Amino acid sequence: MRVFVVNSGSSSIKYQLVDAASEHVVLSGLLERIGQAGGDAADHVAGMRVVLERLGDDAASIVAVGHRVVHGGSAFTAPTVITDEVEAAIEQISTLAPLHNPANLAGIRAARLAMPALPHVAVFDTAFHQSMPAAASTYAIDRAVALDHGIRRYGFHGTSHEFVAGRAARLLDRPLDSLKLIVLHLGNGSSAAAIDGGRSIDTSMGLTPLQGLVMGTRSGDIDPGALLHLLRAGLSTAEVDALLNSRSGLLGLTGSGDMRDVEAAVEAGDADAALALEVWAHRIRHYVGAYLAQLGGLDALVFTAGIGENSPELRARALDGLAHLGLGVDADRNAVRSRDARVISSEGAPVSVLVVPTNEELAIAQAAASLVG
């Protein structure tokens, strides 16, 4: 069963044609600078026509189209077949994810126009975290205000966290419903999740993807009073938004949001970069300790995404000082570079530490295939 997976950005369309059963990627591609001078297409509708041309005869084998949607709010707790009503609901939720949902919608509308006979399925980054208990998802603000404005903790990267948890169980050869896991999705955008028996019970991101770990350009956790202070000092709402989402995190601390640049600067003796890495690792350890307490034990900690999968040095740094919790890496195993899921903790370690590559496109394809049967 072949599913066409679309991940639409504001000026891009990333796509894959995936055989959901065999997990084989038939083809993949990317359109960039959509709507810009010299870009691949004038708009998303024209871009989708380009994609169909690239698909050629393979287009006839598609049975469903799966779309990544960042924010599903409280309305969407599972993959959902897209109708006009679902489209409208996603648009309404866009106030909670103004940088993401409108871009996702542009891809949905273009793909539905280009492939009207196929079922289209929305897979939401927030859906997996809908299992969080109320104590974890509730902010301590006026209940009426929270209800009126949809303010609660939703969490993100759910498609990745769910996929990686399943692959971790497969690697450990244990039923997922028997495992207590902490998954660290570490990339330009980063989040942690506590997963008990296959269900998310807590995660670091909140109402938006801004909360939680230190990221490439996002601040992660910050005292809301600091935002009020900046507003009173004369910064506009848009300026504060841009500061926290686009000019903070590693970029704000070092001048670069690329972790490779930060590591190189540390090697060159840059004190600001060294501090940035300590802040980055400190925040990770903070969440690991908190989730260990929430889970009441831990079977495995899992690294995934760009940094988590590819940097032995940063994996070791993130767990530095946690040996008393049974967490650590074996130097030789950790140094291995591979695209395979693997154990990097020592033999017989009280808690297994794993590297499990994520594959959100495959997860979306399998979710869509399962829904449309």
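Further up the page is the structure itself.
None of these values were measured; they are calculated from a predicted model. (Residues numbered from 1 in each chain as written. Predicted model: local features only at pLDDT ≥ 70, side-chain atom pairs only at ≥ 80, totals over all residues. Heavy atoms only, no water.)

All right, on to the overall build of the protein chain then. Across its full length, the protein chain holds 15 helices and 12 strands. A compact globule built from 373 residues would reach a C-alpha radius of gyration of about 21 Å, and the protein chain, at 21 Å, matches this within 12%. The buried share of the protein chain, reckoned over its 373 residues, is 47%. Across the protein chain, the fraction of contacts at a sequence separation of at least 24, relative to all contacts at a separation of at least 6, is 65%. Total accessible area on the protein chain is roughly 16,600 Å²; 52% of this is exposed by carbon and sulfur atoms. On the protein chain, the mean spot of the 28 positive side-chain charges and the mean spot of the 41 negative ones are 1 Å from each other. (Helix = DSSP H or I, 4+ residues; strand = E, 2+ residues; numbered from the N terminus. Rg over C-alpha atoms; globule rule 2.2 N^0.38 Å. Buried < 20%, exposed > 50% of the residue type's maximum accessible area, 1.4 Å probe, protein only. Contact = heavy atoms within 4.5 Å. Areas by Shrake-Rupley, 256 points an atom, 1.4 Å probe, with all protein chains shown as cover. Lys, Arg positive; Asp, Glu negative; His and termini not counted. Charge placed at Lys NZ, Arg CZ, Asp CG, Glu CD.)

Our focus in this paragraph is unusual backbone geometry. The phi torsion at Glu 23 lies on the positive side, around 70°, for a residue other than glycine. When you line up the elements, Glu 23 lands in the loop between strand S2 (12–19) and strand S3 (24–31). Residues other than glycine seldom take positive phi values, yet Ala 305 does so here, at roughly 75°. Tracing the chain through its elements places Ala 305 in helix H12 (residues 305–310).

Within the open sheet, the 6 strands sit side by side as S9-S8-S7-S10-S12-S11. Their pairing is mixed. The two strands at the open ends of the sheet, each matched to only one other strand, are strand S9 (199–203) and strand S11 (342–343). With 6 bridges connecting them, strand S7 (residues 180–185) and strand S8 (residues 191–196) associate as antiparallel partners. Across the sheet, Ile 182 pairs through a bridge with Ala 194, a residue of S8. Sitting on the sheet, helix H6 (residues 158–172) touches S7, S8, strand S10 (300–304), S11 and strand S12 (352–355), and the angle it makes with S7 is about 125°. Running over the sheet, helix H11 (residues 271–295) touches S7, S8, S9 and S10 and is turned about 160° from S7. (Pairing = 2+ DSSP bridges. Axes fitted to C-alpha atoms, helices over the stretch in contact; angles between N-to-C directions.)

The strand order across the open sheet formed by 6 strands is S3-S2-S1-S4-S6-S5, and the pairing between neighbours is mixed. One side of each edge strand has no neighbouring strand; the edge strands of this open sheet are S3 and strand S5 (80–81). Both S5 and strand S6 (residues 120–124) contribute to a ladder of 2 bridges, which runs antiparallel. Across the sheet, residue Val 81 finds its bridge partner in S6, namely Val 121. Of the strands in this sheet, strand S1 (2–9), S2, S3 and strand S4 (62–69) touch helix H1 (residues 44–55), which is tilted by about 35° from S2. Of the strands in this sheet, S1, S2, S4, S5 and S6 are in contact with helix H15 (residues 360–372), which crosses S1 at around 125°.

With the rule as written, the count across this model stands at 15 salt bridges. Across the salt bridge formed by Asp 84 and Arg 112, the nearest N and O atoms sit 3.2 Å from each other. Residue Asp 84 is found in helix H2 (residues 84–93), and its partner Arg 112 is found in helix H3 (residues 101–114); the two are separated by 28 residues along the sequence. Residue Asp 84 is classed as exposed on the basis of its relative accessible area, which comes to 56%. (Salt bridge = Lys/Arg side-chain N within 4 Å of Asp/Glu carboxyl O.)

So, on to the nonpolar core. By size, the foremost hydrophobic cluster in this structure holds 35 residues, and its most contacted members are Leu 184, Trp 280, Leu 301 and Phe 303. Taken together, the elements giving at least two residues each to this core come down to S7, S8, helix H10 (259–267), H11, S10, helix H13 (312–318) and S12. Non-local contacts of Leu 301, meaning those with residues more than four positions away in its chain, are made with Ile 182, Leu 184, Val 288, Leu 319, Leu 327, Val 351, Ser 352, Val 353 and Leu 354. (Core = buried A, V, L, I, M, F, W, Y, C linked by side-chain atoms within 4.5 Å.)

With that out of the way, let us pick up helix H8 (residues 237–246). Those residues of H8 lying buried are Val 240, Leu 244 and Asn 245. One side of H8 carries all its buried residues, which in axial view fall inside an arc of 115°. (Arc of directions from axis to C-beta.)

By the definition in use, this model includes 3 aromatic pairs. Judged by centre distance (5.9 Å) and plane angle (45°), the ring pair of Phe 4 and Tyr 15 falls under tilted. On the criterion of sequence distance, the pair formed by Phe 4 in strand S1 and Tyr 15 in strand S2 is long-range, its members being 11 residues apart. Note on Phe 76 and Phe 124: the rings are 4.6 Å apart at their centroids and 10° apart in plane angle, and the pair reads as stacked. Of this pair, Phe 76 sits in the loop between S4 and S5 while Phe 124 sits in strand S6, and the two are 48 residues apart along the sequence. As far as the burial class goes, Phe 76 and Phe 124 line up, both buried. (Phe/Tyr/Trp six-rings, centres within 6.5 Å; stacked < 30°, edge-to-face > 60°.)

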